[in-house]
Every structure is written in structure tokens, then in C-alpha cells.
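Letter by letter, the chains look like this.
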Amino acid sequence: MTKALSGINVVEFHSNLGAAYAAMLLAEQGAEAIKVEPRGGAPERGTAHFHALNRSKRAVFLDVDSGRERAEIESLLRWADVVVTGHTPARLGALKLDFASLEALNPNILALNISPFGARGPEANFEANEDLAAARGGITGNQWARSAAPVALVFPAASYSAGVMGASAAVAALIARERLGRGQSIEVSLIAGALSLQTGGVIRHERMTTLYHGPQDPLGPIPCYRLFEADDGKYLFVACGNGTFWGKFALAIERPELVSDPRFENAPWGIAAENWQPLKDILEPIIRTRPRDEWLRILRENDVPCAPVMTRQEFIEHPQVAALAMRREIDDPMLGRTVQSGIPVGLGETPGQIVGPAPAAPGSADAGRLTVTDSAGASRKFTAASKPDRAGPLDGVMVLDFASYIAGSYGPMILAQLGANVIKIESLEGDSFRHFGFGFLGWNQGKRGLALNLQAPEAIDIVRGLAEKADIVVENLRPGRMKRFGLDYESLARRNPRLIYMSVNGFGNRGPEHNQPGFDPLLQARSGVMAAQGGHHGHPVYLTCAICDYGAAMLSAFGCLLALHARKRTGRGQFCETSLLQAAMAFQAGEFIFYKGRPDMENGNAEYRGRSALVRAYQSKDGEWLFLCVETAREWDSLRRAFASLPALAYEAAASEPNDSRLAEALSTAFAATERAEALSRLAGAGVRATQVHHFKDLFDDPQIAANDLIAELSHSEWGKVWQTGMLMKFSETQGRIERAAPLHGEHTDEILRDYLGFDDERLAGLRARGIIK
């Protein structure tokens, strides 16, 4: 069966996890992918992440640094449509993999670089890894802990995010190449990947106030949206995200009077801060009276969203995971029989496929010869654009966005950043996430707003009229809800066969639990990430970085782009789908691999500062935090020279010291005696990698982030100037721009109905008078 990227050639030069993931995502949607590794093979071979993120590729082993094998490399570059790297600008130039060098060989080439800190700015050539990007990009600093100190995540969230965004950007550039007639350079930095997981928090406005008050609770944000320990010592997450669920929860625990208790007015999110702990003190003892499984039964019978805390290994064996084909057995030439995650986005007509395991090591019996003799990428013919084209890659694409919450709304926002015309269609009551105030702006930037009474036949006719002109529909209602309105894929595709229809939900559209309500922390709990972050000896930890919500949104955008690319060949649209379940696994892809000898990757704790004494966060004299990353003997020797009080350990011994060891104490003492700016200056001068640990507020004044335009200043129709995440995917040619901040409820209703359906003032007034539009 034809795939969305059949006929596309990808060459990936071994670098970081984000680049490896981007290339794999492209390969498993039909691209032919070749990974270029050093002569002896990548040093990461044998690790879980290497083998999970390099499936479906072939490998070639070349000396890229010396230039002695430049002819073979240039042959690959002429063959390629997309080249994927993960380097600083200086490193790209030294390897002759910068865009100018690539374009001279192949004017059609699309050069995707998953850079560490961006292509511009004072630290563009800083060789940052995942740990440093997560610290600088706000993930580490914003993870909650009772100590209010930074907490490092036990998995590379920023890299997974950058990989998905990078793959999406590459497909968008393939679509735009048909219009441009030439290639271009593309960049998604690891910092941009970190920001893409936090767009609802990266917002600045003079009237902003925090939604959460009091001590940071790693069990959850509010008293009835959090983790609870049951009678048997097992944990469950209860997600009362609105007043309806709060009322059902109070009935389920046989305390209906809590709903009318004046202390808990405006529950769940509007409870006064001073009453949070009293409510916790009521709820926690109640949940401790029964075993977890009994509570799960009671709560589900009362339609209260809840989930058990599971391990990754338990989750991958769950029937719902199997129903979505997210459990796959793969024979790896080095690791043997493995169990891994499946394809995280489904395309009905052009489905993806796992082609095979990570490629065999050089010299092994399974390692085949690889030669590329044609110049397929360079020889492709396009109609050249008559003039420079600065519009976004999706210029002219129309998207109808029926989605709400983060998982539904952020995907269309990504399409808007890529230049699509996105119309957010809301009921007259509005998106329930508008009550998050400024956070709503972080998931709905760049859209126009249309408000309709979807219970009225006239409103449904309006939607059908728009759908006849649209390219994409995105929805995230529970399975079956759109069909009740007559707005399901089959109904709309009969009127518009070119329509692409993306469905996003909690557990997929099939399987034994497909109709369960899905909230990000419920999939965090099930997928094992809460247990992994909490570790073997502590309680599970709620991640403030909502990887399931944001991940599903990013995957939905990726799926829409794949379907658009496929439509150029087939002329038809198709039904596409993803879910929070699939996102939970996709954003832990390197952890969802099981085999004999798998290392322990579930070893965090609620106060996890980093993976070792040499790779962790430390507090400085002024109370600020920095993240240290020492991974070589040279860096360790340099660190000891910069801070002479450190013990005289060999590097191998120092590198094996855990994050709470005597060496960690010595480093804590050294940094506690030094202001952060001075410490970072000394470390940089010594050639030791370290960076600031940022909170949301710090991101807006960071010169490196500013130099890469990762923060945008926009004008909101009600609130005026607001600062939030800017263009996270960078294109040299189809640069695009953010047209507007998030819309007010129904802000563009008249404009949309005039422009697309030709309604005049009289008709609009009549619809408004009858309560059809707002």
C-alpha cells in the first residue's frame, strides 16, 4: 500500500536524539531513510534509545569528519530530498553540511537541523544536550516539587518534542517545495522542543495571575485533580477537571455535602487557596479506606475520570494498547527479541509501517552493503516560483477546528503557525478551556473565531458549507459525538472527497476502553511516566509538563501534514487519528522498549536533580540554579581546575557517582559559595558545559531565546500586548508569520460567514436574532 511519503529520500547524519526521532518518524511514513554513522558505528549503539529511535532505517558507515569519503557523502546528498542533522552552525560548517554547501550540490534539498540552542545568538554554537535544553527551556525549573527546587525529568521530553516538530516541519517543506520549485533550510531547536510542550505557560501579560497557589504538590495541581494513595498502598489519579465531575466525585465518595460547602465554592479550579489543604485532608483519608481497584470500579460507575498508576511494562501489555497496535514485537540484530511501541498516528488510506529494526552494526552478519547511484533528489523537476515566496508552507490551506482542551487545540495552532487559515468553531457556551484565562492564548494563537449554536440545523448547514471549502477538519470529541451532529468524516467526505479529517481523543476510536474520558494525567498515570518519575521507592509524580496533551496535538498536526502530502498524489482526503494513549508512548519512545538486559529507566524521585553528580542541577549563592553537564574526562579535569575544592577522583569514578553522593555534596558546596553568573562564566571559560535553569518568567528576557525569535509580541483584541511562544519551526524561504493572538469567543463570526459563504448583513442579523450565531 502506498504510504504518505513513498518516493521521498531521507539522509540522517548521526547526532542527537531529536534528529534520530525525526528521521524515524519520516521513515515509518514511507520515506526511504539512510542513517550515516561513524566508521565504527554510533557510540550509542546498544542503548535503548538508539535501537528504539532508529527503526526502519538503513545505515552507512562513513568518516564524515576527515573529508576522505566526501564523494560518497555527496552522492547521498544528491540522492536526498531531506537531510536531517542535529548540530550547531559551526559544526555544520566544519562538516560541509551547512545549507549553502548542500544547496550547491542539490538545489531541491530540504535541510532540517535539530540544533541545540538555535542558529543565532551568543550561544548558537554551545554544544548542549537534552539535559541542558530542558533546563534552559523551562521544563526542569517548572516541574513541581515540595522543595520548590528544580526537578529533572527521567526521559528526554524536549528531544521527543523537537523530533515530532522537526518531522512535521520537513513534511510542510515538502508540500511547499511544490510551490517554491526549490529546497530550503529548516530548523527546530531542542529549546523550541521544550517550549512546544509548555505553550500555555509561556505567556507574559501585566494582568496575569497564577492559577495555582501555595506549596507545589508533586501529586497534582488541585485537591480533586491529583494522585491518591489507596488502602493497599497503590495509587490512582482522579481527574475532576470541571464542576460536573466534581459533583459526581462527591457523590461517589458519599460526601455530597462537599458540593455545597462554602469553603469549596467554584470547585474544582476556583477553590480559594486557603481551602486547598482542608479539602485534601478530607479526601485523602476517604480514599485510604478501600483498595485501589475497588475505588476504580466505584468511580467509573459514577462516570468520574480516573486511572491506576501503572508501570511502562504493565501498560504496554494492556488490551487497549494492543487494540491500537501500539505493542509491536521486533527482532533486533543486537538486542534480540524486543517489544516496542507502534506507529503513533493513523492514516486510513496511507498508513505508516515499521519497516524493520534499527540497522545492524558494521561488520555484523546482518549489516548489508549500501550504495546510492542515482541523484533522485537533485534531479526532481518543479515549476519554479516566479518571485520570492515568504508565505508559510501551508499558505492557502483552510482548517476547521472543532477542538478544545490542549490536545485538540494546539495541533491546529501549529498548522496556523505554518500558514494555514484556521477557523476555531465553538458552541455558544465556548471552549471550556477559556476559563484558564491567558493559558487559552497558548493553545489558540493565530486562529479566527466562529461561534455557532450546534444544536440548530441552520448552524449545521453553515458548518457543512464551510467543510465543502475546507482542506482539514480537526475534532477531539468522544468517539461518536460528531456523528450525532452529522459532521463525521463519512458525512463530510461525501460532500468534499478531498477533505482530511483528524480525530484526537483519549484512548483511540476502537478497543475495550476507547470511550473512556481522556485527560493528560490519566494517561501519564497509565503509561508509567508517573511511576518512572517517582522511582522505585517513592510515590508517583505528576508531570507539570503535559506530554500526553501536547504530544497528541503535535502528532495530530504531523498527521494532517502527511495527509496533505499524500493528497497531492492521490487527489483524495482521508480519515486520520491519534490519541493521548499513543502520544504517551510516542513521547517515551526510547523508554517503551523491552528486552533482556534492558537498563533501569524508572529510577527517578520526587526531588530528582539529575542522572548523576556530574549531570544535575545545583543551587548557587544567590539562590538561582544552574545545570551542570560533565560527560568527558577533559570536562571533569577542567571542572576540577575551575573549582579546586573538588575531590581528586578519576573521571570514571566521578562519572559513576550518583546525584546524592559525596561528590554531589562537594559540588553543592562549591556552587553555593559562588554567584550563578560567576559560576557559569568560570565553567564556560574552562570549557565545561552548564546553563541556567529557567522558570517561565525567565524565558522572556533570555538573549539566546530572543535572538532566535522564540517569543512573539502579539496584540490581543481585549488584553492588548501579550508575549508568548513565537514561531518554533523556522524556514529560510516560507517564513510565514503569526497573524494574530487567540480569538475572542466568536470574534470573527461575521467576517468568516461573509468571506466564505457570502452572507449579507441582513442574513447575519437574522441568525443572531434567532440565537444561531454569536
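Since the model is a prediction, treat every value here as computed from it, not as a measurement.

(A) Region of interest: the overall build of the protein. Within the protein, the secondary structure is distributed over 33 helices and 27 strands. Relative to its length of 774 residues, the protein is compact, with a C-alpha radius of gyration of 26 Å against a globular reference of 28 Å. Each principal axis of the C-alpha distribution contributes one length, and for the protein these read about 75 × 65 × 50 Å. Across the 774 residues that make up the protein, the buried fraction comes to 63%. Within the protein, contacts between residues at least 6 apart in sequence are counted, and of these 76% link residues at least 24 apart. If you sum the accessible surface of the protein, you get close to 28100 Å²; carbon and sulfur atoms cover 48% of it. Charged side chains in the protein number 82 positive and 90 negative. The centres of these two groups are separated by 4 Å.

(B) Spatial organisation of the pattern of salt bridges. Applying the stated criterion across every chain, the model contains 56 salt bridges. Of the charged contacts in the structure, one is a salt bridge between aspartate 131 and arginine 611, with a shortest N-O distance of 2.8 Å. Placement of the pair is aspartate 131 in helix H6 (residues 130-136) and arginine 611 in strand S21 (residues 610-612), with a sequence separation of 480 residues. Given the relative accessible area of 45%, arginine 611 is considered partly exposed. Glutamate 635 is paired through a salt bridge with arginine 689; the nearest N and O atoms lie 2.9 Å apart. Note that glutamate 635 is positioned in helix H26 (residues 633-642) and arginine 689 in strand S24 (residues 689-692), a separation of 54 residues in sequence.

(C) Here's a closer look at the pairing of strand S19 (residues 575-579). Burial of S19 is extensive: 4 of the 5 residues sit out of reach of the surface. Examined bridge by bridge, strand S13 (residues 346-347) and S19 share 2 bridges and lie antiparallel to one another. Residue pairing for S19: leucine 347 is matched across the bridge by cysteine 576.

(D) Quick peek at the sheet that holds strand S20 (residues 593-594). Strands sit in the order S11-S12-S20 across an open sheet of 3 strands; the sheet is antiparallel. In this open sheet, the two edge strands, each paired with only one partner strand, are strand S11 (327-332) and S20. Pairing between strand S12 (residues 336-341) and S20: 2 bridges, direction antiparallel. The residue bridging valine 339 from the neighbouring strand is phenylalanine 594, located in S20.

Reading the values: rules and limits
- Residues numbered from 1 in each chain as written.
- Predicted model: local features only at pLDDT ≥ 70, side-chain atom pairs only at ≥ 80, totals over all residues.
- Heavy atoms only, no water.
- Helix = DSSP H or I, 4+ residues; strand = E, 2+ residues; numbered from the N terminus.
- Rg over C-alpha atoms; globule rule 2.2 N^0.38 Å.
- Buried < 20%, exposed > 50% of the residue type's maximum accessible area, 1.4 Å probe, protein only.
- Contact = heavy atoms within 4.5 Å.
- Areas by Shrake-Rupley, 256 points an atom, 1.4 Å probe, with all protein chains shown as cover.
- Lys, Arg positive; Asp, Glu negative; His and termini not counted.
- Charge placed at Lys NZ, Arg CZ, Asp CG, Glu CD.
- Salt bridge = Lys/Arg side-chain N within 4 Å of Asp/Glu carboxyl O.
- Pairing = 2+ DSSP bridges.

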